[in-house]
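Architecture at a glance
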Amino acid sequence: FGVDVLSSLIRILGQAKANPHDAYHSARCLGVLFKGCGNSHRCRARKDLDAKRIVSAALEVGSRTHAKLADASRVAMVALVTDDDESMEEVQEGEEEQTELESEIETGSSSAVGMLKSESDER
């Protein structure tokens, strides 16, 4: 799903105190999106969009003033912080590929340095 949709829903949820009913609908959507999206999207939402803090604040507002907002925020929070096994495997595979790529670059760099050294030694 698009970055704009996710950031817009989180922004609306962040206005829970002023617009609890809109925030409730946003929390419902986020709960569904977080359940259905991969770990990378949840991780991005947690780190880049500060979703954990915003959902937590909406949960607090909901518990004081809007029961449906509290329930929807709770569902969104659980989905946000839950990493499913399939997504974790994707993340681990990505990390392994990154590590392999980095080691290939390091090996290639040291080979290139070695080649340059031998060429300068020949001169």
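Residues numbered from 1 in each chain as written. Predicted model: local features only at pLDDT ≥ 70, side-chain atom pairs only at ≥ 80, totals over all residues. Heavy atoms only, no water.

1. Section: the overall build of the protein chain
Within the protein chain, the regular secondary structure consists of six helices and zero strands. Considering only residue pairs separated by 6 or more positions, the protein chain has 70% of its internal contacts joining residues 24 or more positions apart. Roughly 8100 Å² of accessible area belongs to the protein chain as shown, and the carbon and sulfur atoms make up 52% of that amount. (Helix = DSSP H or I, 4+ residues; strand = E, 2+ residues; numbered from the N terminus. Contact = heavy atoms within 4.5 Å. Areas by Shrake-Rupley, 256 points an atom, 1.4 Å probe, with all protein chains shown as cover.)

2. A word on the environment of His41
Mapping His41 onto the fold places it in helix H3 (residues 39-47). Here His41 falls in the partly exposed class, since its relative accessible area comes to 30%. When the C-alpha positions of His41 and Leu6 are compared, they lie 9.1 Å apart, and in sequence the two are 35 residues distant. (Buried < 20%, exposed > 50% of the residue type's maximum accessible area, 1.4 Å probe, protein only.)

3. Topic: the side chain of His66
Following the sequence through the fold, His66 ends up in the loop between helix H4 (51-65) and helix H5 (67-81). From its side chain, His66 meets the backbone nitrogen of Leu69 in a polar contact 3.0 Å long. The contacts of His66, once residues within four sequence positions are left out, are Pro20, His21, Tyr24 and Val61. (Polar contact = N/O pair within 3.5 Å; in protein donor to acceptor, adjacent residues only side chain to side chain.)

4. Side note on the environment of Ala58
Positionally, Ala58 belongs in helix H4. For the pair Ala58 and Gly14, spaced 44 residues apart in the sequence, the C-alpha separation amounts to 6.7 Å. Discounting residues that sit within four places of it in the chain, Ala58 has contacts with Leu13, Ala16, Leu69 and Ser73.

5. Here we look at the nonpolar core
Leu6, Ile10, Leu13, Leu30, Phe34, Ala45 and Leu69 are the most contacted members of the largest nonpolar core, which has 24 residues in total. Looking at this core, the elements that each hand over two or more residues are helix H1 (3-13), helix H2 (20-36), H4 and H5. Per element, the largest residue contribution to this core is six residues, and it comes from H5. Apart from residues no more than four positions distant in its own chain, Phe34 is found in contact with Leu6, Ile10, Arg42, Ala45, Ala76, Ala79 and Leu80. (Core = buried A, V, L, I, M, F, W, Y, C linked by side-chain atoms within 4.5 Å.)

6. Concerning the packing of H4 against H5
At their nearest, the axes of H4 and H5 sit 7 Å apart, and the two run at 155° to each other. Compared by their axis directions, H4 and H5 come out roughly antiparallel. Here H4 runs over H5; the crossing is left-handed. Of the residues in H5, those in contact with Ala51, Lys52, Val55, Ser56, Ala58, Leu59, Val61, Gly62, Ser63 and Thr65 of H4 are Ala67, Leu69, Ala70, Ser73, Arg74, Ala76, Met77, Leu80 and Val81. Split into classes, the residues belonging to the contact of H4 with H5 amount to twelve nonpolar, five polar and two charged. (Axes fitted to C-alpha atoms, helices over the stretch in contact; angles between N-to-C directions. Parallel < 35°, antiparallel > 145°, perpendicular 65-115°, else oblique. Left-handed = near helix turned anticlockwise from the far one by under 90°. Nonpolar A, V, L, I, M, F, W, Y, C, P; charged D, E, K, R; others polar.)

7. Structural notes on the environment of Val55
Structurally, Val55 can be placed in helix H4. Look at Val55 and you get buried, because its relative accessible area is 1%. With 32 residues separating them in the primary sequence, Val55 and Ala23 have C-alpha atoms 9.7 Å apart. Every residue in contact with Val55, bar those within four places of it in the chain, is listed here: Leu13, Ser73, Ala76 and Met77.

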